[in-house]
Amino acid sequence: MSTLLEIKSSVLRQVQVCPSFRRRTEGEPGSSSAEAQEPTTGAWKPGDGVEFFAQMRLILKKGEGRQGLPGPEVLLRSSSPAPAEPVDPSRGLRALTQEEVELLYEEALYTVLYRAGTMGPDQVDDQEVLLSYLQQVFGTSPEEHAEAVERVRKAKAPTYALKVSVMRAKNLLAKDPNGFSDPYCMLGILPASDTLREAGAHKEQRFSFRKGSKRGGPLPAKCIQVTEVKSSTLNPVWKEHFLFEIEDVNLDQLHLDIWDHDDDVSLVEACRKLNEVIGLKGMSRYFKQIVKSARANGTAGPTDDHTDDFLGCLNIPVREVPVAGEDRWFKLEPRSSASRVQGDCQLVLKLITTQRDTSMSQRGRSGFQSYLLLLSRLLQFEHRTEEPNSSSWRGELSGPAATVLCLHGAQSNLSALQLAVLHWQVSSRHHQTRTLDYGYLLGLLEDMQAHWEEAASLPQEQEEGLADSFSAFSEFGLQLLRQLRSYFPATNSTAVYRLELLLKCLGKLQLFRPAFEICPFETELNMDIAAALKPGPQRLAGLVKLADTVYEDLQSCYGIYASLFHSIIRVDVFTLTFRQLERLVAEEAWVLTEELGPKMSLEVASGLFELYLTLADIQRFWSSIPGRDSRSLALAGIHAPFLPAVKLWLQVLRDQAKWRLQGAVDVDTLEPMDASSKHSSSAATASLCFSHIQELWAHLAWPDPAQAQALGTQLSQDLCEAAVFYSELLRKKVDMQPGAAGEAVSEPLCTVLNDVELLRKTAGQALRGLVWPEGAAGSDGVLPRPLLSCTQALEEDLQREARTVTAHLTSKMVSDIRKYVQHVSLSPDSIQNDEAVAPLLKYLDEKLALLNASLVKENLSRVLEALWELLLQAILQALGANRDVSADFYGRFHFTLEALVNFFHAEGQGLPLESLRDGSYKRLEEELRLHQCSTRECIEQYYLDKLKQRSLEHNRFGRLSVRCHYEAAEQRLAVEVLHAADLLPLDANGLSDPFVIVELGPPHLFPLVRSQRTQVKSRTLHPVYDELFHFSVPAEACRRRGACVLFTVMDHDWLSTNDFAGEAALGLGSVGGVARPLVGGSARAGQPVTLHLRRPRAQVRSALRMLEGRTNKEAQEFVKRLKELEKYMEADP
């Protein structure tokens, strides 16, 4: 069922307002309340609902194999092709994004361009052929391909390393009196510099070795590695593994010596001192001293010839190592012409890369992941060249494809088991999207089995991926076996052989431990004979069994016999059989429902419900055959007498669902089920219950639209009640649990929040599945109105529940947040800003690390949003509590705010920037910015806000047409007020007496300029002025920040104060002649500017609030002047 739950886990997003389901159930008299109200016990025996849902699952499983028609086969020849198996592109590996494809293309090119080693006879050695093949695979143009190749060539070459496994030796010389030797190996890399320097010399080669540690694994390159001493043997077995870094793959050599050792102490001491030797010459001399010391402290005297301790050596150029690695016996060579050696040594060599300059490597993609994606891409490309309908492709790759994979696998240091696992994962998934030969898949499993002793070395991620592939293939195979007769007819030898191979594959999976643990094979019987006879009257149980048998026989008849009879003797045996059996079952069903109707009980309703599902399947089976009409059947209209039983059974379902949820919460420990999930056991149970309800409704498929609407509406309401009931149970349980002292992040609360989110998804998906036919008025893809209302109400309730739990969770952190914000505000100006905010960020980092580990992604976003709002409010409170402080104080909080934005954004992994910089953030940022501004800057901001202000209702306060230009010769600004329109009627006669005040601002930019005004136009809402005003101001002042001309429209009153009608501002920077002198003609001939009048709103008063709190003369005079103007303003009409 885990796969089914994943399919049903999409998130509901319905935004239309509808009544809360919780409020509706609480407000209706007589309705069952979802708040902690226990379900009724009359519909079914009281209990935890487990037995009921187990029986319902059996009923649902019985109908799983009744979807669609079995494929008709013309089985005249035993060697005819096997039926096509179902394929589904969604069952394959995830499709790559364009960016991932480009990264994979780069990885493949890098693998080819930086290959090292010797190519095998079956591999493509021509680099251009390989590059051309990759161009075809990735479908790039020649220009794109050339550009990509050039980019990869400029990349840094990889760091190479040589893996050496010293396995064993045989037929060595006997150096000891007992006829044996005590052999050990010393091996290391001869650098390219030594190779060139001593190319013509006959003396010993020099090394730069350093002793390795067996316990700690391979040490860095350029070191001596020593194997264990194998006593008294001429055929030693070591099986020891070493890793050497390679500087030059073309010139470096692997050198190995085998020596006979006589004294353990001398060898250990000598190897220990190797770490103290620096330089190639010193190391070479000391290497000789090791041998001499080992011999001198042994049984022979110090004057003996030490050459007889030498057993042989090997010199292997690194460039001669095959790209795929090799496991080979090497014949030992003498050190000089005076040396006598014999025997062979078995080595396993593999040339790998440890550092790669590719984007995938830089992003942390392992070689295993890169190989998986590359193999999938190549397999899809290679399979496309085969016949479209071929199911016999055995995965044969072309030479270039095999070569590229070999190079990448070797360079990525993938073991034989890892390669086998990768080929199985990709091929088994590919098989579910496009059929392959089962013999090929079986061969991959056998290859994996051959290396299965290395399974303990697989990382957990790779083991989980293997287990997932086993589970997916098992599910796919079992899906085929459920329709055995359709896909593997007994008279088709080809199909039977494919069945045999499929069964071998499924059987082989049981040999692998991960598959056995994660996706075991369970043989479940839908219903035992004794269990079938147990519930209900004997006659009803017998009819249920008869209907099931009839359905199975009709399937077999249609799938196997019908085509044979029709093709050979032209007899429609299926119609004859169906008519007889269907009439038999219908007669029994009609009689039985009439007899049992007056005796309706819960036991009878359960049996009738199961019987109806089978009868409906028989009807659908007939209707699904082209050209058949179910209205002519004896079962036509059979649903009518079953309606009371179905209604009663759905009531049982409602009550048992609540009992099941109650029992699940009672035993729930509010801890995650396992390491891979973050919800508790009760949430999984609830999701399973809702999934079963949705499946049941889909299987029921009630044919009458009106009755289906009534049933579906009631079922959806019951499901909503159950969901809200479960969320209330969770919250009550977590409230009763004692919290740990000083615990800021509650694990049970996190688990409950995850449970509510999972419930929101699965319950919403289940509700959307409870659709019913609405006749011609229904639209495809649109939920019926009652169902849509329930869906929206449940979404609203569960979102509210999630917000409640989130608030409860974050409330435990409020005091700590305020404490750390207070620490920022009380920090002296002498310390750095980052030091002041460090304790707050450290606290948040610790708590969010716990939350990230405990919450799913959606809930983590909820908590982050809640914490962000808490932080903003805490900072605003801190600012409000501190007045008349230094500018450094506000600078410190501005630094804190930006640090918190970066923290919560987390380079795109956290909250989006547009969400962080909205709401309270804007208010806080504006307040901080203005606090840091001088008085004149605040005044300039006041005018800038006026320029930015836009009228929300363009025609409410009217319009004013003006024309402005700057006359550079006279150094004056010309402002022409043309006319106004649609002004507000401010007099009792429904008109106004408007005039316009023209002034320049800010005042400190134009200290000597006084405002001017037009004439008063009596009794009009559309005055025409055509008046020109001149202001002697320099052009430089007009270009300053915030410089503008402000037009204030007033209504002139003779007996009282003038009324404010509206205002508009025009920035001087946009006026002709200000930025640059006008050329040719007068600017008065230019187009007039229409300004929409408005009244000052909140956004232009933030700067004014800052000025009100300042005590300097300039600020107070400016505020006083604006206050006088506000006296003329009345409330908006």
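Residues numbered from 1 in each chain as written. Predicted model: local features only at pLDDT ≥ 70, side-chain atom pairs only at ≥ 80, totals over all residues. Heavy atoms only, no water.

Moving on to the overall build of the protein. Counting its secondary structure elements, the protein contains 37 helices and 16 strands. Every one of the 1133 residues in the protein was classed for burial, and the buried ones make up 50%. Restricting to contacts in the protein with at least 6 residues of sequence separation, those with at least 24 account for 77%. Surface exposure of the protein reaches about 54,100 Å², of which carbon and sulfur atoms provide 51%. (Helix = DSSP H or I, 4+ residues; strand = E, 2+ residues; numbered from the N terminus. Buried < 20%, exposed > 50% of the residue type's maximum accessible area, 1.4 Å probe, protein only. Contact = heavy atoms within 4.5 Å. Areas by Shrake-Rupley, 256 points an atom, 1.4 Å probe, with all protein chains shown as cover.)

For the rest of this paragraph, the subject is the packing of helix α28 (residues 814-826) against helix α29 (residues 833-854). In the contact formed by α28 and α29, the axes pass within 8 Å of each other and the chain directions differ by 165 degrees. Considering their axes alone, α28 and α29 lie roughly antiparallel with respect to each other. Two packed elements cross with a definite hand, and for α28 against α29 that hand is left-handed. Residues Asp816, Ile817, Tyr820, Val821, His823 and Val824 of α28 form the contact with α29, whose own contacting residues are Ala836, Val837, Pro839, Leu840 and Tyr843. Considered class by class, the residues forming the contact of α28 with α29 number nine nonpolar, one polar and one charged. (Axes fitted to C-alpha atoms, helices over the stretch in contact; angles between N-to-C directions. Parallel < 35°, antiparallel > 145°, perpendicular 65-115°, else oblique. Left-handed = near helix turned anticlockwise from the far one by under 90°. Nonpolar A, V, L, I, M, F, W, Y, C, P; charged D, E, K, R; others polar.)

Checked against the element boundaries, Thr549 lands in helix α20 (residues 538-569). Along the sequence, Thr549 and Thr614 sit 65 residues apart, while their C-alpha atoms lie 9.9 Å from each other.

Attention shifts here to the pairing of strand β6 (residues 310-317). As a general feature of sheets, a regular strand has side chains that alternate between the two faces. Where burial is concerned, most of β6 is hidden: seven out of the eight residues are buried. Across seven bridges, strand β5 (residues 253-260) lies against β6 in antiparallel orientation. Residue pairing for β6: Asp257 is matched across the bridge by Cys313. (Pairing = 2+ DSSP bridges.)

Let us now look at unusual backbone geometry. Each neighbour pair has its own omega, and for Gly1001 with Pro1002 the value is 0 degrees, a cis peptide bond. By secondary structure assignment, the location of Pro1002 is in the loop between β11 (994-1001) and β12 (1012-1013). Of note, Ala701 is a non-glycine position whose phi angle comes to about 45 degrees, a positive value. Mapped onto the secondary structure, Ala701 falls in the loop between α24 (681-700) and α25 (705-736).

What follows covers the side chain of Arg91. Tracing the backbone through its elements, the reader meets Arg91 in the loop between α3 (50-64) and α4 (98-113). The charged side chain of Arg91 is buried without a salt bridge, its nearest counter-charge being Glu475 at 4.1 Å. A polar atom in the side chain of Arg91 sits 2.6 Å from the side chain of Gln432. (Lys, Arg positive; Asp, Glu negative; His and termini not counted. Salt bridge = Lys/Arg side-chain N within 4 Å of Asp/Glu carboxyl O. Polar contact = N/O pair within 3.5 Å; in protein donor to acceptor, adjacent residues only side chain to side chain.)

The subject of this paragraph is the sheet that holds strand β10 (residues 972-981). The antiparallel open sheet is built from four strands, whose spatial order is β13-β10-β9-β16. In the strand order of this sheet, the two ends are held by β13 (1024-1031) and β16 (1089-1092), each with one partner. When the angles between neighbouring strand axes are averaged without regard to direction, this sheet yields 25 degrees. In terms of strand pairing, strand β9 (residues 959-967) meets β10 through nine bridges, oriented antiparallel. Looking across to β10, one finds that Tyr966 is bridged to Leu973.

Turning our eyes to something else, we now look at the environment of Ala455. Tracing the chain through its elements places Ala455 in the loop between α14 (438-450) and α15 (460-482). Separated by 37 residues in sequence, Ala455 and Gln418 have C-alpha atoms that sit 9.0 Å apart.

This part takes up the packing of helix α22 (residues 602-623) against helix α23 (residues 639-666). The N-to-C vectors of α22 and α23 enclose an angle of 120 degrees; their axes lie 8 Å apart at closest approach. With respect to α23, the axis of α22 lies oblique. As α22 runs across α23, the sense of the crossing is left-handed. Within the contact between the two elements, α22 uses Leu602, Ala605, Ser606, Leu608, Phe609, Leu611, Tyr612 and Leu615 and α23 uses His639, Phe642, Ala645, Val646, Leu648, Trp649 and Val652. When its residues are assigned to classes, the contact of α22 with α23 shows 13 nonpolar, two polar and no charged.

Turning next to the confidence of the model for the protein. In low-pLDDT segments, the atomic positions of the prediction should not be examined closely. Across the protein, the average pLDDT comes to 75, with 75% of residues at 70 or higher. Here residues 1-44 is a poorly scored stretch, pLDDT under 50, and it has 98 contacts once near neighbours within four places are set aside; other chains count. Below a pLDDT of 50 lies the segment residues 514-537, which in the model reaches 34 contacts outside its immediate sequence neighbourhood of four places, other chains included. (pLDDT = per-residue confidence, 0-100.)

This part covers the packing of aromatic side chains. What describes a pair of aromatic rings is the distance from one ring centre to the other and the angle between the planes of the rings. For the structure on display, the rule yields 12 aromatic pairs. When the ring of Tyr612 is compared with that of Phe642, the centres are 5.5 Å apart and the planes differ by 45 degrees; the resulting orientation is tilted. Taken together, the residues span a long stretch of sequence, with Tyr612 in helix α22 and Phe642 in helix α23 at a distance of 30 residues. On the basis of an interplanar angle of 45 degrees and a centroid distance of 5.0 Å, the ring pair of Tyr612 and Trp702 is categorised as tilted. You can see Tyr612 sitting in helix α22 and its partner Trp702 sitting in the loop between α24 and α25, a full 90 residues away along the chain. (Phe/Tyr/Trp six-rings, centres within 6.5 Å; stacked < 30°, edge-to-face > 60°.)

Another aspect to go through is helix α6 (residues 142-153). The terminal C-alpha atoms of α6, which comprises 12 residues, lie 16 Å apart, in line with the 16 Å expected from a rise of 1.5 Å per residue. Every buried residue belonging to α6 is among His145, Ala148, Val149 and Val152, and all of these are buried. The buried residues of α6 occupy an angular sector of 100 degrees when projected down its axis, which confines them to one face. Away from its buried face by more than 90 degrees, α6 exposes Glu143 and Glu147. In the core, the buried residues of α6 are packed alongside α4 and α5 (127-138). (Expected span 1.5 Å × (residues − 1). Arc of directions from axis to C-beta.)

This part takes up the sheet that holds strand β15 (residues 1059-1067). The sheet built from four strands is open, its strands ordered β12-β11-β14-β15 with antiparallel pairing. The sheet is open, and its two edges are formed by β12 and β15, each paired on a single side. Two strands pair when backbone bridges link them, and β11 and strand β14 (residues 1044-1051) are joined in this way by eight bridges, in the antiparallel orientation. Bridging from a neighbouring strand, Leu1000 pairs with Val1045 of β14.

Close approach of charged atoms lets side chains of opposite charge pair. Scanning all chains against the criterion turns up 23 salt bridges. Here Glu107 and Arg356 are joined by a salt bridge, their closest N and O atoms 3.1 Å apart. Taken as a pair, Glu107 in helix α4 and Arg356 in the loop between β8 (344-355) and α10 (359-362) lie far apart in primary sequence, 249 residues in all. Each of the two residues, Glu107 as well as Arg356, counts as buried. Between Arg972 and Glu967 there is a salt bridge, with its nearest N and O atoms 2.5 Å apart.

Our next topic: α5. An ideal rise of 1.5 Å per residue puts 16 Å on 12 residues; α5 measures up with 17 Å between its terminal C-alpha atoms. Among the residues of α5, Leu130, Leu131, Tyr133, Leu134, Gln135, Val137 and Phe138 are the ones counted as buried. Of the surrounding secondary structure, the elements contacted by the buried residues of α5 are α4, α6, α11 (367-384) and α12 (399-411). N-cap assignment for α5: the residue whose side-chain oxygen lies 3.0 Å from the backbone N of Glu128 is Asp126. Looking one or two residues beyond α5, the residue adopting positive phi is Gly139, at roughly 60 degrees.

Now for the side chain of Thr353. Residue position: Thr353 is located in strand β8. In this structure the side chain of Thr353 is engaged in a polar contact, spanning 3.4 Å, whose partner is the side chain of Arg356. Within the structure, the side chain of Thr353 is placed 2.8 Å from the backbone oxygen of Gln411, a separation counted as a polar contact. Ignoring any residue separated from it by four or fewer positions in sequence, one finds Thr353 in contact with Pro158, Thr159, Tyr160 and Gln411.

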